[in-house]
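Here is how the chains run, residue by residue.
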Amino acid sequence: MFKSFERSEVSTSTQVKASVQRGIKSRVADANPQITEEQLDELLPKKPPLVQYKVGPHMMLYCRRVEHEDVSPTDEPVFFQHRDGPILPTLRVIHKYPTLNFTSVTVDKGAIPFILGGANIMCPGLTKPYQSIMPPDGIEQDEQGFDKPGLSKGDGIVIRAEGKEHAIAIGVMTMSSAEIREKNKGNGIVVSHFLGDGLFFADEL
Amino acid sequence: MAEVLSSLESIKVIYCAKCGMPPEYCEYGPDFERVCLPWQKKKVPELYAKLRALRGEDKLLKGDGDEEGDDDNVADIKPDAPWTTEERLTKFYEMYVPEKVDDVPSLLEKYAGKEDKLFMALAKKYGSEPEDPYYMDDDEDDDDDEDDDDDELAEGMDNLGVGGKKRRGVKAKKSVKSETRVLIQKVVRQRKKATTVVVGMDTVEGVKLKDVAKAFSKKFAGSSTVKKGVNGEEIIIQGDHMEDCAQMIVSTFKVEGSCIFLDFNGEFVPFK
């Protein structure tokens, strides 16, 4: 979705109302039960409020204002949302706060170059058994690398790569995790934001 | 990090100054060995060692020479630093007049500060100098490696924006550089009506044929379509716009004038 995103593509920016921000917070917390409330409060402080940017007709970027000493403040994207889809964190945020435990899956190493080109995640990349991968901290996983109790269709998810420390992409599930295991074919996750896309390089607006 | 920390901890993430990715993903970029690897070596040596060990392990596990494995080999052979002036001179003499190698220190003293002249004179006398393996993939051949560091960094920053557009991942290595060649012809329909046919716009990098056609139709106020012809995709514009069209391709799509050919009665004349 952000493959060719440019800084100039954002149209309007508005400050997010406190109630909306609470809504965002609760949605993120619901989707990622591992994240504690204190962490979220720190990530999204009440003051200064978030800034919302519209990108194209259906994309929203929630940004945090960053003050600079010498230049005017800039906005750092923290979350994005497509239509009414899940509210997803940007990769830079995930990298910056390693203790934030977003729900994540790990893909096979062979899939990395394709993901970096913006491809969606195919099921076999998710179900291929791993030999040496430790499950990400704090999440209980079954033998296939899926989080218990399993994800359902439409859930947002952070995608990590086998043997890599940093998350590689953010996507939305197109099947439930049970279905992925059963079918083991075709698109499992639609990638909406990946390393090296326009949003990744737009570290501030 | 077994337990979930209650408070938020932020770290400063190291991103490759060359390609903007986390260093562990550099290897999938287009210029890994040439650009990212030297950067890693210089700026984040610990990380470099760690990543290298990781890749080395992978090789053992897999045991076959896949694409990444090959990269490693190239990287391993490469020396850590470019030659010093002395080494450079020594290599030169070893190549052409081995018996004079011993004179190198005295020569260096004599030509201190004027090394460039020395090398030029030598190259004139004996032939081109041996290539430094450090710069093997690099086209720039400067011998002072201290002060170009900052330039490189700045260059890297400049490239960042472009880097986003560069192909990454699987396609990075696949991309074949095709030769740009655009041919503009005039085809007469009826006595006074003509169309301009542009062949080869698909060899121009970074443009979409449809967008090009649209730009033409806007500029020349006539219809313009993309059609499949004998020589691949061609753009057909209403009216005779050969010269204007060539001019526009040069100015708008940044194509070298020498790559554009105008067809005058079967004769291909380069535009400029």
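Residues numbered from 1 in each chain as written. Chains lettered and ligands numbered in written order. Predicted model: local features only at pLDDT ≥ 70, side-chain atom pairs only at ≥ 80, totals over all residues. Heavy atoms only, no water.

Tell me about the overall build of chain A, and please be specific about residues and values.
Scanning chain A from N- to C-terminus turns up seven helices and 10 strands. Classification of the 205 residues of chain A by burial places 53% in the buried group. Taking as baseline every contact in chain A between residues at least 6 positions apart, the subset at least 24 positions apart corresponds to 60%. For chain A, the exposed area adds up to about 9500 Å²; of that, 51% sits on carbon and sulfur atoms. (Helix = DSSP H or I, 4+ residues; strand = E, 2+ residues; numbered from the N terminus. Buried < 20%, exposed > 50% of the residue type's maximum accessible area, 1.4 Å probe, protein only. Contact = heavy atoms within 4.5 Å. Areas by Shrake-Rupley, 256 points an atom, 1.4 Å probe, with all protein chains shown as cover.)

Quick rundown of the overall build of chain B? Include the residues and the values.
Helix and strand counts for chain B come out as 10 helices and six strands. The long-range share in chain B, meaning contacts at least 24 apart out of those at least 6 apart in sequence, stands at 54%. Only carbon and sulfur atoms are counted for the fraction: they give 51% of the accessible area of chain B, which is about 17200 Å².

Break down the confidence of the model for chain A for me, with residues and values.
Residues and elements named next belong to chain A. Looking at chain A, the pLDDT average stands at 81 and 89% of residues meet or exceed 70. The spread of mean pLDDT over the elements of chain A runs between helix 6 (residues 177-183), the lowest at 78, and strand 9 (residues 167-173), the highest at 91. Segment residues 131-139 is flagged for pLDDT under 50; beyond a separation of four residues in sequence, or across chains, it makes 15 contacts in the model. (pLDDT = per-residue confidence, 0-100.)

Tell me about the sheet that holds strand 1 (residues 182-190) of chain B, and name the residues and values.
All names here are of chain B. Taken in spatial order, the six strands make up an open sheet running 3-4-2-1-5-6, and their pairing is mixed. Looking at strand neighbours, the two that pair on one side only are strand 3 (224-229) and strand 6 (267-270), the edges of this open sheet. Sheet twist, expressed as the mean angle between neighbouring strand axes with direction ignored, is 30°. Across seven bridges, the pairing between strand 1 and strand 2 (residues 193-199) is antiparallel. Each residue of the ladder has a partner; that of leucine 183, found in strand 2, is valine 199. (Pairing = 2+ DSSP bridges. Axes fitted to C-alpha atoms, helices over the stretch in contact; angles between N-to-C directions.)

Please provide a residue-by-residue account of helix 9 (residues 209-220) of chain B, values included.
Owing to its 3.6 residues per turn, the α-helix brings residues three or four apart onto one side. Between its first and last C-alpha, helix 9 of chain B extends 16 Å over 12 residues, near the 16 Å set by a 1.5 Å rise per residue. Against the buried residues of helix 9 of chain B lie strand 2, strand 3, strand 4 (232-238) and helix 10 (242-253) of chain B. (Expected span 1.5 Å × (residues − 1).)

Could you give me a rundown of the packing of aromatic side chains, with the residues and numbers involved?
Each aromatic ring pair is characterised by the separation of its centres together with the angle its planes make. Per the stated rule, a full pass over the model turns up five aromatic pairs over all chains. A ring pair is formed by A:Phe200 and B:Tyr15, whose centres lie 5.6 Å apart and whose planes are at 80°; its orientation type is edge-to-face. In this pair, A:Phe200 is assigned in helix 7 (residues 198-201) and B:Tyr15 in the segment before helix 1 (32-43), connecting two distinct chains. Pair check on accessibility: A:Phe200 and B:Tyr15 agree, each one buried. (Phe/Tyr/Trp six-rings, centres within 6.5 Å; stacked < 30°, edge-to-face > 60°.)

Go over the pairing of strand 8 (residues 156-161) of chain A, please, and point to the residues and values.
Residue and element names in this part refer to chain A. In terms of residue burial, strand 8 counts as a mostly covered element, since six of its six residues are buried. By the alternation rule, side chains of strand 8 split into Gly156, Val158 and Arg160 and Ile157, Ile159 and Ala161, which are all buried. As judged from the four bridges shared by strand 6 (residues 104-107) and strand 8, these two strands associate in the parallel manner. Within strand 8, the position partnered with valine 107 by the bridge is alanine 161. The pairing of strand 8 with strand 9 spans five bridges and is classified as antiparallel. Residue pairing in the sheet places glycine 156 in a bridge with valine 172 of strand 9. In this antiparallel pair of consecutive strands, strand 8 and strand 9, the connection spans five residues, and glycine 163 shows a positive phi of 80°.

For the environment of B:Lys193, give the residues involved together with the corresponding values.
Residue and element names in this part refer to chain B. Position of lysine 193 relative to the elements: it lies in strand 2. Note: C-alpha distance between lysine 193 and aspartate 240 (47 residues apart in sequence) is 8.1 Å. Look past the residues within four positions of lysine 193 in its chain and what remains in contact with it is Val187 and Val188.

So what about the side chain of A:Gln21? Which residues, and what values?
Within the secondary structure layout, A:Gln21 lies in helix 1 (residues 18-31). When sequence neighbours within four positions are dropped, the list of residues in contact with A:Gln21 reads A:Val16, A:Leu44, A:Pro45, A:Lys46, A:Pro49 and A:Leu50.

Let's hear about the pattern of salt bridges: which residues, and what values?
Should the charged atoms of two oppositely charged side chains come close, the side chains can pair. This structure, assessed with the given rule, holds eight salt bridges over all chains. Its salt-bridge partner being B:Glu27, residue A:Lys164 comes within 3.2 Å of it at the nearest N-O pair. In this pair, A:Lys164 is assigned in the loop between strand 8 and strand 9 and B:Glu27 in the segment before helix 1, connecting two distinct chains. Just as A:Lys164 is buried, B:Glu27 falls in that class too. Put simply, A:Glu165 and B:Lys50 hold a salt bridge, and the shortest N to O gap is 3.9 Å. Pair noted here: A:Glu165 is in the loop between strand 8 and strand 9 and B:Lys50 is in helix 2 (residues 45-62), and the two residues belong to different chains. (Salt bridge = Lys/Arg side-chain N within 4 Å of Asp/Glu carboxyl O.)

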